[in-house]
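What follows is the residue order along each chain.
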Amino acid sequence: MNQEDYAPEDAYEAEDAAGDDAEATRREAGEAESSRASRGWWDRNADDYQSEHGAFLGDDRFVWGPEGLDEEQAGLLGPAGSLRDKDVLEIGAGAAQCSRWLAAQGARPVALDLSHRQLQHALRIGDDVPLVEADAGRLPFRDASFDLACSAYGAVPFVADPVNVMREVRRVLRPGGRWVFSVTHPLRWAFPDEPGPEGLSVAASYFDRTPYVEQDEEGNAVYVEHHRTLGDRVRDVVAGGFRLLDLVEPEWPEWNHQEWGGWSPLRGNLIPGTAIFVCERD
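Owing to the predicted nature of the structure, the values given are computational and were not obtained by experimental measurement.

Criteria and cut-off values
Residues numbered from 1 in each chain as written. Predicted model: local features only at pLDDT ≥ 70, side-chain atom pairs only at ≥ 80, totals over all residues. Heavy atoms only, no water. Helix = DSSP H or I, 4+ residues; strand = E, 2+ residues; numbered from the N terminus. Buried < 20%, exposed > 50% of the residue type's maximum accessible area, 1.4 Å probe, protein only. Contact = heavy atoms within 4.5 Å. Axes fitted to C-alpha atoms, helices over the stretch in contact; angles between N-to-C directions. Nonpolar A, V, L, I, M, F, W, Y, C, P; charged D, E, K, R; others polar. Core = buried A, V, L, I, M, F, W, Y, C linked by side-chain atoms within 4.5 Å. Salt bridge = Lys/Arg side-chain N within 4 Å of Asp/Glu carboxyl O. Disulfide = S-S within 2.5 Å. Pairing = 2+ DSSP bridges. Phe/Tyr/Trp six-rings, centres within 6.5 Å; stacked < 30°, edge-to-face > 60°. Lys NZ or Arg CZ within 6 Å of the ring centre and 35° of its normal.

Caption draft 1: Just the side chain of Thr229, in detail. Within the secondary structure, Thr229 sits in the loop between strand S8 (221-225) and helix H6 (230-239). On the accessibility criterion, Thr229 (5% relative accessible area) is buried.

In structure tokens:
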């Protein structure tokens, strides 16, 4: 198999990660390089991302992934009525759609993202949610500042040290606080990032944890995604000081006819595309 024949499933999609001149490879990428690449990629691609997917995401809707699982129905953070007066941190908030939904439930959300341009889109939609530009591995908050933390495909797939992120989230949560995050289902790493039948045949080892990197002509990473197996993700949660309450694998609903990068009704009805980890701080 040639490397160019394979690309992992990213946080919704990465087919335009670095433009036509990017070289796709598999190599190690550390924390600083991964963070720098993610910031640059989202700053460059935020406009296209919000233009293409903004209607599906809505301005104030909390969607956990391309399947369209809505927090209003799922209640993974707790019943909607229990969110009132809760301090909530959204990590990798993008245009802060999820935070806006949380605010409508009476919560006090803070939307954090690495990308300045993504947060500019949050301001374009409205200035009703506090915004913070920061790295998920170095959260700029005091200990025990929040009751809940959440992330819908934000940060976790792109960091070299996910346990550090878990520990940072634990630090800023109050005892008993819930941490819920969604990522591309680890099984998808073994399949090509294609929505059609070609995306149903295994093309790489599920157990190969070498990061997927797109780099420029000088070898600088412009997009990085880190793979963890399902077991790795569970161990990361535990090592970060959390108790895993639930692992949700959303099924593809009949009403959803969209294709989004490698996500599609065809694949969604056969293999899982999203994994949601529901965790609690000990």
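Caption draft 2: Layout of the side chain of Ser38. Tracing the chain through its elements places Ser38 in helix H1 (residues 31-57). With relative accessibility at 9%, the residue Ser38 sits in the buried group. What Ser38 contacts, discounting residues up to four positions off in sequence, is Leu114, Phe158 and Val224.

Caption draft 3: Just the packing of H1 against helix H4 (residues 116-125), in detail. One can describe the packing of H1 onto H4 by two numbers: an axis separation of 7 Å at closest approach and a directional angle of 35°. Facing Trp42, Asp43, Ala46, Asp47, Tyr49 and Gln50 of H1, the residues of H4 in contact are His116, Arg117, Gln118, His121 and Arg124. In the contact of H1 with H4, the residues fall into three nonpolar, four polar and four charged.

Caption draft 4: Local environment of the nonpolar core. If you look at the biggest cluster of nonpolar residues, it comprises 26 residues, and the most contacted ones within it are Leu89, Ile91, Val169, Trp179 and Phe181. Elements supplying a minimum of two residues to this core: strand S2 (87-91), strand S3 (108-113), strand S5 (146-152), helix H5 (162-172), strand S6 (173-184) and strand S10 (274-281). Not counting residues up to four positions away in its chain, the partners in contact with Ile91 are Leu112, Ala136, Leu139, Cys150, Ser151, Gly154, Ala155, Val169 and Trp179. Core analysis: the second largest hydrophobic core is formed by 17 residues, Leu76, Leu83, Cys98 and Val248 among them.

Caption draft 5: Summary view of the pattern of salt bridges. Applying the stated rule across the entire model yields 19 salt bridges. Two residues, Asp47 and Arg117, come together in a salt bridge whose shortest N-O distance is 2.7 Å. Taken as a pair, Asp47 in helix H1 and Arg117 in helix H4 lie far apart in primary sequence, 70 residues in all. Asp47 gets classed as partly exposed once you look at its relative accessible area, which sits at 34%. Put simply, Arg209 and Asp232 hold a salt bridge, and the shortest N to O gap is 2.8 Å. Of the two residues, Arg209 is situated in the loop between S6 and strand S7 (212-215) and Asp232 in helix H6; the sequence distance between them amounts to 23 residues. On the accessibility criterion, Asp232 (7% relative accessible area) is buried. Salt bridges linked by common partners bring Asp85, Asp87, Arg108, Asp147 and Arg174 together as one network.

Caption draft 6: Spatial organisation of the state of the cysteines. Counting across every chain of the model gives zero disulfides. We note that Cys98 lacks a disulfide partner, and the nearest cysteine sulfur, in Cys150, lies 6.3 Å from it.

Caption draft 7: Looking closely at the sheet that holds strand S1 (residues 23-26). Strand order in this open sheet of three strands is S1-S7-S8, and the pairing throughout is antiparallel. Strand pairing shows two members of the sheet lacking a second neighbour, S1 and S8, which therefore form its edges. The sheet shows a mean angle of 20° between the axes of neighbouring strands, taken without regard to direction. Summarising the sheet, S1 and S7 pair through four bridges and their orientation is antiparallel.

Caption draft 8: View of the packing of aromatic side chains. Tallying each qualifying case throughout the model produces 14 aromatic pairs. When the centroid spacing of 5.7 Å and the interplanar angle of 65° are considered together, the rings of Trp41 and Tyr223 count as edge-to-face. Placement of Trp41 in helix H1 and of Tyr223 in strand S8 is noted, with a sequence separation of 182 residues between them. Across the pair, Tyr223 and Trp41 agree in class, each one buried. Between Tyr212 and Tyr223 the ring centres are 6.2 Å apart and the planes differ by 70°, which places this aromatic pair in the edge-to-face class. Residue Tyr212 is found in strand S7, and its partner Tyr223 is found in strand S8; the two are separated by 11 residues along the sequence. Comparing Tyr212 with Tyr223, the two get one shared label, buried. One aromatic cluster in this structure is built from Trp41, Trp42, Tyr49, Phe56, Phe158, Tyr212, Tyr223 and Trp260. Over the aromatic face of Phe56 sits the side chain of Arg61, whose NZ or CZ is 5.2 Å from the ring centroid.

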